[in-house]
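Working through the structure, step by step
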Amino acid sequence: MDIEKLISEMTLEEKAGLCSGADSWHLKAVERLDLPAVMVSDGPHGLRKQDEAGDHLGINDSIPAVCFPTAAGTASSFDRELIRRIGNAIGEEAQAENVAVVLGPAANIKRSPLCGRNFEYFSEDPLLSSEMAAAYIQGVQTHHVGTSLKHFAANNQENRRMTASSEVDERTLREIYLASFEGAVKKAQPWTVMCSYNRINGVFASENPRTLTDILRGEWGFEGYVMSDWGAVNDRVAGLRAGLELEMPASGGDNDRLIVEAVRSSALDEAVLDEAVRRILTITKRYLENREPGAVFDRPAHDALARELARECMVLLKNENGLLPLRKEQRVAFIGQFAAAPRFQGGGSSHINASHVTSALEAAKDFGVSYAQGYVTDKDRTDEALLAEAVRAAKEAEVAVVFAGLPDAFESEGYDRTHLHMPDCQNRLISEICAVQKNVVVVLHNGSPVDMPWLDKVGAVLECYLGGQAVGGAAVDLLFGLANPCAKLAETFPKRLEDTPAYLNFPGDGDTVEYREGVYVGYRWYDARKMDVLFPFGYGLSYTTFDYSSLSLDKTSLRDGDTLHVSCKVKNTGSVAGKEIVQLYVRDRTGTVTRPEKELRDFLKVSLEPGEEKTVEMTLDRRAFAYYNVDLADWHVGSGESDILIGASSRDIRLEGTVTMQGNPLPLRVTANTTCGALMRDPRTAAVLNEMVSQTMRNMGGGDDPDTQRMMSQMLENLPLRSLRSFSDGAVDNAAVETLVKKLSDALRC
Ligand code: BGC
């Protein structure tokens, strides 16, 4: 395909037409030029290809496809390779089904546990989220099928998602919300990016030149095209100008006409339209020229893969007195409708027509478990007969395993939750079972955190999240010890909704959502406030135990731009094989700006046989130590100490080291209102100021007493230059302050 030739042969109308869909899922064809229509389909945790009656709300059925665990679970694996394998399988299915672009992954940050779509999002932490998204993209794109990294950006709630403005300060945007996309774009070059519905500081994401062009293309080097979320376009011409190439779905021709008119009236430069067409065609060409016409995939193999991977995405939250794993000879009762009909995916555009669903009951048929339904999934009210039957079954068993969680209606794309509760009937069921049975295991199916009023009374809790179509098999594998749990939480489980960072500003007032918690999202918030949580970020248990030792840093002092190699040893000290997720956090102590107590900067999953020890190695680059400096409009590294923390979770730091950073000094502009403190910290200005400051301190009556000296120097810290006049006993006048400002400015120039 000769793109330039095509563009030169296309009419203005054809070019405008190519910038919006033909229908819900296809781009337009230009038959007279032999340009075929290509198809896009949701994503992200399996293919939702709709052949007829397309809709973007997951209402109409799609072709059968393998449903993998949703992002809330896959991120808990902290395993790049695992996500790559999922992407790989989905890419294979897409190639076989003639789909050019899979609409995912979704890299939005979990700002509040209430967001209805959190099950589709990876994490509260931008590094983890961007790493997972990058791995997914790499996996899918191996098969010459594109991805659409979505929903760009600051789309963290469903409430008024199409009109709300996310009011986010620049530093927070950069460090948290954009960072989650940045890493994925830079590492994996998604073929497309999908802009979100919302406005970002007042400007619609679909017509935002800063995010779509300056940052995405200019700073991050994105090479693909941007498509709109379905119906996200507000002003089509403004969007095109800002960097939105493709509107989805079809615009009914209206917006195509607006583009044509804008070019004809010279309101829009035709070169902008040509560039958009060029970007769309470049990706279409990449897909078409790498088609694998006879591509097929092995569905049973993908189903088996879904089971294998789901095991690695489930988090063991509690396990007292080795209640788990269960033993084959134990009399076990499975209780709760989710044991027979699991909830394994979320509602909305990601809803898949799963090719085969395995329930835990079916998977455990060889273990001779008994079953009682306990509750009706879609009802919040207790069915007394079902409850009584379940309590009886629990009493007769040696262990009761209650399958519980959130029904479909409790969380979905399109709306947010208003509380963290599970249905009352399920909470009551668990409590009543605890009254007759001391060995109670709770297996949870939910897309985001729930509160657990019964937590103290149960012996074990396994968090399955929405584990994909093989969830039942994977849960049974873990419950009976055929596999060892190895996932950790990619988000904090709070004690109370009132404790959560965005509690006072979620979902905002009217169309305004202020992100007032700033960079203090997730564990950054709970740590800064030293709050107790139900389960911390990065936490998860195993059937074995791990020892950490021998932290080693290849440098003790780092210049701005140096990399730091970190290594430590991890040993499996238990009796079964297991995998441990080693987390590396950096705690900034330079005091340059207020920073979270610590931030995740790398992680690695290591597989260990009993007794085996391995060395884990990670490398930190400049960015691991940097914060976003709004005045510089760039990342900046401060000077001073930073701690390197190796943790088994964000609240279980096992090893600690320290490095000294030699950052670049921040540019200093001297005026009469610059403080002595700021000037004394820069050696160039300190040399000029030293004598005058000592004199002023003497004048202020400092004497030689060290305590008084300390007090005086603390007061000087915040004293602007002009105040030297008031405390110099007449030695410093206005003219002297002016001369001083000049001298200090000169010193900075040398
Ligand atoms: C969702 C997107 C999805 C699109 C197409 C929208 O409602 O926000 O995530 O890809 O529909 O189904």
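Residues numbered from 1 in each chain as written. Predicted model: local features only at pLDDT ≥ 70, side-chain atom pairs only at ≥ 80, totals over all residues. Heavy atoms only, no water.

What about the layout of surface pockets?
Each pocket or cavity is described by its volume, and for the largest pocket that value is around 600 Å³. Taken together, the elements giving at least two residues each to the lining of the largest pocket come down to helix H5 (126–141), helix H6 (170–188), strand E22 (599–608) and strand E23 (613–620). Take the lining of the largest pocket: its biggest share by element is six residues, from H6. Grouping the amino acids of the lining of the largest pocket by side-chain chemistry returns eight nonpolar, three polar and 12 charged. Here the lining of the largest pocket spans two domains, since at least three of its residues come from each of domain 1 (11–51 + 68–288) and domain 3 (546–661). (1 Å grid on protein atoms, 1.4 Å probe; cavity = no way out; pocket = protein on both sides within 12 Å on 5 of 7 lines; lining within 4 Å. Points joined across faces, edges and corners; volume = space filled by probe spheres on them. Helix = DSSP H or I, 4+ residues; strand = E, 2+ residues; numbered from the N terminus. Nonpolar A, V, L, I, M, F, W, Y, C, P; charged D, E, K, R; others polar. Domains from an automatic or database assignment.)

A word on the sheet that holds strand E18 (residues 546–553)
Taken in spatial order, the three strands line up as E18-E20-E23 in an open sheet, and their pairing is antiparallel. Pairing within the sheet leaves two strands with one partner each, and these edge strands are E18 and E23. Sheet twist, expressed as the average angle between the axes of neighbouring strands with direction ignored, equals 20°. Two elements, strand E20 (residues 564–572) and E23, share eight bridges in a ladder whose sense is antiparallel. In the strand pairing of E23, Ser567 is matched with Glu617. (Pairing = 2+ DSSP bridges. Axes fitted to C-alpha atoms, helices over the stretch in contact; angles between N-to-C directions.)

Here we look at the pattern of salt bridges
Within the structure shown, the criterion is met by 71 salt bridges. With its nearest N and O atoms 2.8 Å apart, the salt bridge here joins Glu411 to Arg343. Placement of Glu411 in the loop between strand E14 (399–405) and helix H15 (424–436) and of Arg343 in the loop between helix H12 (337–340) and strand E12 (353–354) is noted, with a sequence separation of 68 residues between them. Among the residues examined, Arg343 registers a relative accessible area of 4% and is labelled buried. (Salt bridge = Lys/Arg side-chain N within 4 Å of Asp/Glu carboxyl O. Buried < 20%, exposed > 50% of the residue type's maximum accessible area, 1.4 Å probe, protein only.)

Observations regarding the site of the ligand
Every one of the 15 residues lining the ligand counts as a neighbour, but Asp42, Arg117, Lys150, His151 and Asp229 are closest to it. Side-chain polar atom of Arg48 to an oxygen atom of the ligand: 3.4 Å apart, as the coordinates give it. Note that an oxygen atom of the ligand is positioned 3.0 Å from one of the side-chain N or O atoms of Glu413. Considered on its own, the ligand offers 310 Å² of accessible surface; in the complex 100% of this is hidden by protein. Residues that form the shell around the ligand fall into these classes: five nonpolar, three polar and seven charged. (Near = heavy atom within 4 Å. Polar contact = N/O pair within 3.5 Å; in protein donor to acceptor, adjacent residues only side chain to side chain. Areas by Shrake-Rupley, 256 points an atom, 1.4 Å probe, with all protein chains shown as cover.)

Digging into the domain arrangement of the protein chain
Domain boundaries assigned for the protein chain yield domain 1 (11–51 + 68–288), domain 2 (310–513 + 520–528), domain 3 (546–661) and domain 4 (676–749). Computed over C-alpha atoms, the centres of domain 2 and domain 3 are 32 Å apart. Counting residues at the interface gives 10 residues for domain 2 and 20 residues for domain 3. Across the domain 2 to domain 3 interface the summed buried area is about 1200 Å²; carbon plus sulfur atoms make up 42%. When residues of domain 2 are sorted by the area they lose upon contact with domain 3, Lys488, Tyr523 and Asp527 head the list and together hold 46% of the total. At the surface where domain 2 touches domain 3, the tally comes to six salt bridges. Here Glu599 makes a salt bridge to Arg524, at a shortest N to O gap of 3.1 Å. Where domain 2 packs against domain 3, one counts 12 residue pairs in polar contact (both at pLDDT 80 or more). Looking at the side of domain 2 that touches domain 3 residue by residue, the class counts come to five nonpolar, one polar and four charged. (Contact = heavy atoms within 4.5 Å. Buried area = accessible area lost by both parts, 1.4 Å probe.)

Here's the deal with the nonpolar core
If you look at soluble globular proteins, the nonpolar side chains tend to sit buried side by side. Ranked by internal contacts, the top residues of the largest apolar core, which has 192 residues, are Met227, Phe334, Val401, Met452 and Leu479. Cys568, Ala624, Phe625 and Leu655 belong to the second largest nonpolar core, which has 27 residues in total. (Core = buried A, V, L, I, M, F, W, Y, C linked by side-chain atoms within 4.5 Å.)

Digging into the packing of H5 against H6
Interhelical geometry of H5 versus H6 gives an angle of 30° and a closest axis separation of 8 Å. Judged on the interaxial angle alone, H6 and H5 are roughly parallel. H6 is crossed by H5, and the crossing has right-handed handedness. Residues Pro126, Ser129, Ser130, Glu131, Ala133, Ala134, Ile137, Gln138 and Gln141 of H5 touch H6, and the partners they reach there are Glu175, Ile176, Ala179, Ser180, Gly183, Ala184, Lys187 and Ala188. Of the residues that constitute the contact of H5 with H6, the class distribution is eight nonpolar, six polar and three charged. (Parallel < 35°, antiparallel > 145°, perpendicular 65-115°, else oblique. Left-handed = near helix turned anticlockwise from the far one by under 90°.)

Section: the side chain of Arg343
There is a polar contact of 2.9 Å between the side chain of Arg343 and the backbone oxygen of Leu406. Side chain to side chain, Arg343 and Glu411 meet in a polar contact 2.8 Å long. Aside from chain neighbours lying at most four places away, what touches Arg343 is Phe338, Leu406, Pro407, Asp408, Glu411, His445, Asn446, Gly447, Tyr465 and Leu466.

Description of the packing of aromatic side chains
A full pass over the atoms with the stated rule returns 14 aromatic pairs. Here a set of aromatic residues connected by ring pairs shows up, and it is made of Phe78, Tyr523, Phe537, Tyr585 and Phe603. Residue placement shows Arg111 over the ring face of Tyr515; its charged tip is 4.0 Å from the ring centre. The ring of Phe204 carries Arg199 above its face, with NZ or CZ at 5.6 Å from the centroid. (Phe/Tyr/Trp six-rings, centres within 6.5 Å; stacked < 30°, edge-to-face > 60°. Lys NZ or Arg CZ within 6 Å of the ring centre and 35° of its normal.)

Some remarks on helix H7 (residues 209–219)
Among all positions in H7, only Thr211, Leu212, Ile215, Leu216 and Arg217 are buried. Summarising the axial view, the buried residues of H7 lie within an arc of 165°, below the 170-degree limit, and thus occupy one face. A positive backbone phi angle near 75° is found at Gly221, which sits one or two residues after H7. (Arc of directions from axis to C-beta.)

Let's talk about H15
Here H15 is 13 residues long and its end C-alpha atoms lie 19 Å apart, about the 18 Å a rise of 1.5 Å per residue gives. For H15, the full list of buried residues reads Cys425, Gln426, Asn427, Leu429, Ile430, Ile433 and Cys434. (Expected span 1.5 Å × (residues − 1).)

Remarks on the environment of Phe727
With respect to the element layout, Phe727 can be found in the loop between helix H20 (706–717) and helix H21 (734–749). Taking the relative accessible area as the measure of exposure, Phe727 reaches 35% and is therefore partly exposed. Residues Phe727 and Asn699, 28 residues apart in the sequence, show an inter-C-alpha distance of 6.7 Å.

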